[in-house]
Amino acid sequence: MGSGVPPYKETGIITVEELKRLGLMPPEERLARGPVAIPECPEEIPCNICVVSCPQHAISIEGIKGLPRIDWDKCVGCGVCVAKCPGLAIFVVDLSKPGEYAYVTVPHEFLPAPKVGDVVDLLSREGKVVGKGEVVKAWETNKTWVVTVRVPKELAMEVRGIWVRK
Amino acid sequence: MPGTPPLKDRRIWEHPILTFKRGRRVKFYFNGNIVEGYEGESIAAALYAARYDVFSRSPYKGRARGAFCMIGKCSSCFAIVDGVPNTRTCVEPIREGVKVEFQEGLAEIPSATGGLEGKDEEVIEGVDVLVIGGGPAGLAAAIAAAKHGLSVLIVNEHFKLGGQLIKQTHKFFGSKDLFGGLRGFQVAEELENKVRSMRNVRVLLQATAYGFFRDGWVGVAGKDRLYRVKPRFVIAAPGAAERHLAFPGNDLPGVMGAGGAQTLMNEYGILPGDEVLVVGSGNVGVIVSYQLLQAGAKVKGIVEILPYIGAWFVHAAKIRRYGVKVYTRHTIKEVWGKDRVEGATIVRVDEHFKPVPGSETDIPCDLVLIAVGLTPDTRLLAQAGAVVTWVPELGGLVPIRTKYLETSVPGLFIAGDASGIEEATTAMIEGEIAGLSAVVRAGADDAGNAAERREALLKFLWDEYRASPVVARAKAGKLKVTVSEDEMERIRVSNPPPVRFGS
Ligand SMILES: Cc1cc2nc3c(=O)[nH]c(=O)nc-3n(C[C@H](O)[C@H](O)[C@H](O)COP(=O)(O)OP(=O)(O)OC[C@H]3O[C@@H](n4cnc5c(N)ncnc54)[C@H](O)[C@@H]3O)c2cc1C
Ligand code: SF4
Ligand code: SF4
Ligand code: FES
């Protein structure tokens, strides 16, 4: 392709390296400390819903079209922005728990509605089923479910969706 | 003539976002067969739900015709309704006992008993602003004008207000004061409630503005009468029509506009197909794919001729996550089926967009959605004598305008998709600017405040919203057709407007 079109425009999939390069990925030590939001929103789109939705005022955007910048120290990983982001582009990752599991929080807008205890398919950014995980928390606002699933630690940066089987 | 009774109906009963409030059951006839629908559905929607795909045959070659745009813009859904041929069944609500008949080619001219007699006419004079179109642009314009005390008449071709917003189930971008974060249909509800609460706004539904006449009269065709309107100002916001592509089989029922499919599934709760191929990976194609998944359909893929996905990344990521494949560097070669799509052949293209022989893939599907962009509906504006020009970035012919959205016809303003394709957020901003422009020009009491608000909106629109790189193309287009007041005066000298408003 050349001409400066980033690879994620060709595939619809963004890599962790790209997120790091754009400064959208929290630093390792912050990830190890507790749940934190990751905005996978790499283009300067005219949107700033996350800024006004965060109760901690942790997100800022220059004007209406900059990239969302999260103050990693202010973010408490509550997931409110996950529910509010119209792009369904924000995820919360918690790598702080000892043991082999991490917790990933994703938005979900499909039937059946997820329930705590459900074992669901874990989907990667390209829709591959990469494993199964248990729903540990699920709440809804304006029909968007915010679902936290338990996943093997090595999948924490891969799982970005779930599928609840009927 | 397809007379076979339908199988299972196509209505959706469970949806993750929408609750379909269906009206009471209504029985009507299609070729003498009883069809059941729900009050509030259009004839085309109810027939489609009952699995009738073909409503007429073309005069030339007798090709099957059915639903395509579902918003009254393409004439694909013609049928004979209570004796009246060439009725656009997609904008005709069902009524108890209405007789719909299949139209075989050109129809006979209806007799006087066909229901056309006895149309009376109402003359509406003294209204300050006539708003043509009740989508986000028209509604925002009406609210802005009425807020400042002007009397407003909204005429809307569709039998519901809200335009394209009523079928948008996803949450809108933008900022909170621009309804960002709300779902499209929720924005429509808010605008409609606001308009309905204003006593100086009158709304005519199923009322089509059909032409401008000498001395500033505007003709409006209503359901059971004609209106002759003489407004001080006109704000035209009739929206856009979907574009089509040329390929063999592109007229088969089951090839549909993406917006048409959205209308069926999100407005009426009718599944447009079970297995779908989407052509075009812009925002519309990608959003409609996501909505199809939500409605329970299977999306077999999205075909995109360019080497990259056109939609905003966040929209694209949403469908990729659920495994929808995007065939970049591919185009549609043909669609096959008998009276309904049964499958499509796609083909890879080289760097000159030429199909690569031998790279075809067959994809069985029953629905092919065309999502290759919209084209502004400027027919009425051109008829009024507004100078229009071809701007590819804006989707086609658009009127030249000042930054206050006045066309070369004085007192005739434009807003929304009809002024060049952008989105609902900008449609609402433009609508408000156009409404405020009428207020300023009318010299209303607080015209000063209106002018101030208008400047603030212009600043936001041009310097902030349109500064985003993802809307750069549309911005460039709008820049091309926005001229200074002086320049507009010169245009008016060389192209004298046949009518004038604003006196
Ligand atoms: C799939 C899809 C997704 C979209 N997503 C977004 C999004 O995320 N964010 C966003 O901001 N925008 C989005 N949009 C775009 C947005 O919906 C349109 O840009 C917006 O609706 C345009 O508003 P409008 O008022 O100009 O026209 P419309 O909404 O098209 O309204 C026009 C109205 O005018 C009426 N009309 C037409 N001709 C006449 C006539 N002669 N007389 C009387 N009435 C007439 C019609 O019946 C209609 O009700 C999306 C569009 C689609 C199709
Ligand atoms: S997770 Fe909560 S605290 Fe962190 S950015 Fe989102 S809304 Fe703010
Ligand atoms: S709300 Fe979502 S889409 Fe909008 S800027 Fe924030 S992260 Fe991006
Ligand atoms: S006019 Fe009815 S489907 Fe296009």
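Check the entry above for the structure.
Residues numbered from 1 in each chain as written. Chains lettered and ligands numbered in written order. Predicted model: local features only at pLDDT ≥ 70, side-chain atom pairs only at ≥ 80, totals over all residues. Heavy atoms only, no water.

Trainee: Describe the sheet that holds strand E23 (residues 367-370) of chain B, with residues and values.
Mentor: All names here are of chain B. Here we have five strands laid out as an open sheet, ordered E16-E23-E17-E18-E19, and parallel in their pairing. One side of each edge strand has no neighbouring strand; the edge strands of this open sheet are strand E16 (255-257) and strand E19 (326-327). Pairing analysis gives five bridges linking strand E17 (residues 275-279) to strand E18 (residues 298-303), with the strands arranged parallel. What sits directly across from Leu277, in E18, is Gly301. Where helix H4 (residues 258-267) meets the sheet, its contacts fall on E16 and E23, and the angle it forms with E16 comes to roughly 85°. Of the strands in this sheet, E17, E18 and E23 are in contact with helix H5 (residues 283-295), which crosses E18 at around 170°. (Pairing = 2+ DSSP bridges. Helix = DSSP H or I, 4+ residues; strand = E, 2+ residues; numbered from the N terminus. Contact = heavy atoms within 4.5 Å. Axes fitted to C-alpha atoms, helices over the stretch in contact; angles between N-to-C directions.)

Trainee: Quick one: what's the story with the interface of chain A and chain B, residue by residue and with numbers?
Mentor: Taken residue by residue, the interface counts 47 residues in chain A and 43 residues in chain B. Approximately 3,700 Å² of surface area, both sides summed, lies buried where chain A meets chain B, with 61% of it carried by carbon and sulfur atoms. At the surface where chain A touches chain B, the tally comes to one salt bridge. In this structure, Arg183(B) and Glu109(A) form a salt bridge, with 3.0 Å as the shortest nitrogen-oxygen distance. Counting across the chain A and chain B interface gives 16 residue pairs in polar contact (both at pLDDT 80 or more). Contributing elements (two or more residues each) for the side of chain A that touches chain B: helix H1 (7-11), helix H4 (49-53), helix H5 (80-84), strand E5 (101-108), strand E6 (119-124) and strand E9 (159-163) of chain A. Of the residues in the side of chain A that touches chain B, the class split is 24 nonpolar, 11 polar and 12 charged. (Buried area = accessible area lost by both parts, 1.4 Å probe. Salt bridge = Lys/Arg side-chain N within 4 Å of Asp/Glu carboxyl O. Polar contact = N/O pair within 3.5 Å; in protein donor to acceptor, adjacent residues only side chain to side chain. Nonpolar A, V, L, I, M, F, W, Y, C, P; charged D, E, K, R; others polar.)

Trainee: Give a detailed account of empty space enclosed by the protein, specifying residues and quantitative values.
Mentor: Residue and element names in this part refer to chain A. Considering all chains together, one arrives at five cavities of 30 Å³ or more under this definition. Of the pockets and cavities examined, the largest cavity occupies roughly 120 Å³. What lines the largest cavity is a set of 16 residues, among which Cys41, Ile45, Cys47, Cys50 and Pro68 lie closest to the centre. In terms of residue class, the lining of the largest cavity is built from 13 nonpolar, two polar and one charged. (1 Å grid on protein atoms, 1.4 Å probe; cavity = no way out; pocket = protein on both sides within 12 Å on 5 of 7 lines; lining within 4 Å. Points joined across faces, edges and corners; volume = space filled by probe spheres on them.)

Trainee: Go over the pattern of salt bridges with me, naming the residues and quoting the values.
Mentor: All names here are of chain B. For the structure shown, the criterion picks out 48 salt bridges over all chains. Across the salt bridge formed by Arg65 and Asp251, the nearest N and O atoms sit 2.9 Å from each other. Of this pair, Arg65 sits in strand E4 (residues 64-65) while Asp251 sits in the loop between strand E15 (240-242) and E16, and the two are 186 residues apart along the sequence. Residue classification places Arg65 among the partly exposed positions, given a relative accessible area of 21%. For Asp251, a relative accessible area of 23% corresponds to the partly exposed category. Here Glu92 makes a salt bridge to Arg95, at a shortest N to O gap of 3.6 Å. One network of salt bridges, in which partners are shared, links Asp82, Glu92, Arg95 and Lys223. (Buried < 20%, exposed > 50% of the residue type's maximum accessible area, 1.4 Å probe, protein only.)

Trainee: Describe H5(B), naming the residues involved and giving the relevant values.
Mentor: All names here are of chain B. Between the first and last C-alpha of H5 there are 18 Å, a value that for 13 residues agrees with the 18 Å anticipated at 1.5 Å per step. In terms of burial, H5 is largely enclosed, as 11 of its 13 residues are buried. Residues Gly285, Val286, Ile287, Val288, Ser289, Tyr290, Gln291, Leu292, Leu293, Gln294 and Ala295 constitute the buried set of H5. Buried residues in H5 make contact with H4, E17, E18, helix H6 (313-320) and E23. (Expected span 1.5 Å × (residues − 1).)

Trainee: Please set out the site of ligand 1 residue by residue, giving values where relevant.
Mentor: All names here are of chain B. Around ligand 1, a shell composed of 33 residues is seen, among which Asn156, Gln164, His170, Asp417 and Ala424 lie nearest. One nitrogen or oxygen atom from the main chain of Ala209 is found 2.9 Å from a nitrogen atom belonging to ligand 1. For ligand 1, the accessible surface in isolation is 1,000 Å², of which the surrounding protein chains cover 94%. Take the shell around ligand 1: its biggest share by element is three residues, from helix H8 (residues 424-442). Residue classes in the shell around ligand 1 are distributed as 14 nonpolar, 14 polar and five charged. (Near = heavy atom within 4 Å. Areas by Shrake-Rupley, 256 points an atom, 1.4 Å probe, with all protein chains shown as cover.)

Trainee: Break down the site of ligand 2 for me, citing the residues and quoting the values.
Mentor: As a matter of local geometry, ligand 2 sits amid Ala37(A), Cys54(A), Pro55(A), Gln56(A), Ile59(A), Cys75(A), Val76(A), Gly77(A), Cys78(A), Gly79(A), Val80(A) and Cys81(A). A per-class count over the shell around ligand 2 returns nine nonpolar, three polar and no charged.

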